[in-house]
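For reference, the chains in residue letters:
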Amino acid sequence: MERYFVDVKQIGHWYERYEVEAESEEAAKKNWHNGDMTDAYEHCVFESKVKEVEEA
């Protein structure tokens with residue numbers, strides 16, 4: 001039996017939480033990218049696609 005390396009692209013989503021200083025919720029929503037990421041959670045993979053296979 002042969003051995004192979006298989007590269008797989010995972011397609012899905014996850015959520016990131018940012019701490020943002022702002023004057024209102026609307027301003028925080030618009031300027032989330034100026035905040036500091038505090039957490040990433042709920043990693044969901046919807047689809048896997050084989051990208052490449054090579055013999056080991």
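Residues numbered from 1 in each chain as written. Predicted model: local features only at pLDDT ≥ 70, side-chain atom pairs only at ≥ 80, totals over all residues. Heavy atoms only, no water.

K.L.:
How would you explain the overall build of the chain if you had to name every residue and give the values?
P.N.:
If you tally the helices and strands in the chain, you get one helix and two strands. Counted from the first residue to the last, the chain has its helices and strands arranged as β-α-β. In terms of overall dimensions, the chain has a C-alpha envelope of 65 × 20 × 15 Å along the principal axes. The burial tally for the chain puts 2% of its 56 residues in the buried class. (Helix = DSSP H or I, 4+ residues; strand = E, 2+ residues; numbered from the N terminus. Buried < 20%, exposed > 50% of the residue type's maximum accessible area, 1.4 Å probe, protein only.)

K.L.:
Before we move on, could you go through the packing of aromatic side chains and cite the residues and values that matter?
P.N.:
The final tally for this structure, using the stated rule, is two aromatic pairs. Arranged with centres 5.8 Å apart and planes meeting at 20°, the rings of Tyr-15 and Tyr-41 form a pair that is stacked. Of this pair, Tyr-15 sits in strand β1 (residues 4-19) while Tyr-41 sits in strand β2 (residues 36-55); the two residues are 26 residues apart in sequence, bridging distant segments of the chain. For Tyr-15, a relative accessible area of 39% corresponds to the partly exposed category. (Phe/Tyr/Trp six-rings, centres within 6.5 Å; stacked < 30°, edge-to-face > 60°.)

K.L.:
How would you sum up the pattern of salt bridges? Please name residues and give values.
P.N.:
One pass over the structure, following the stated rule, counts one salt bridge. We note a salt bridge from Lys-49 to Glu-47, for which the minimum N-O separation is 3.8 Å. Judged by its relative accessible area of 37%, Glu-47 is partly exposed. (Salt bridge = Lys/Arg side-chain N within 4 Å of Asp/Glu carboxyl O.)

K.L.:
For the environment of Ala-40, give the residues involved together with the corresponding values.
P.N.:
On the secondary structure map, Ala-40 appears in strand β2. Put simply, Ala-40 and Arg-17 are 23 residues apart on the chain and 6.3 Å apart in space, counted from C-alpha to C-alpha. Setting aside residues up to four positions removed in sequence, Ala-40 forms contacts with Trp-14, Tyr-15 and Glu-16. (Contact = heavy atoms within 4.5 Å.)

K.L.:
Report on a nonpolar patch on the surface, specifying residues and quantitative values.
P.N.:
On the surface, Tyr-4, Val-6, Val-8, Val-50 and Val-53 cluster together into a nonpolar patch covering about 460 Å² of accessible area. Contributions of two or more residues to the nonpolar patch are made by β1 and β2. Counting residues per element, the nonpolar patch draws most heavily on β1, at three residues. Structurally, Tyr-4 is set in strand β1. Judged by relative accessible area, which is 48%, Tyr-4 ranks as partly exposed. (Patch = residues over 30% accessible without salt bridge, like charges linked within 9 Å, V, L, I, M, F, W, Y side chains within 5 Å. Areas by Shrake-Rupley, 256 points an atom, 1.4 Å probe, with all protein chains shown as cover.)

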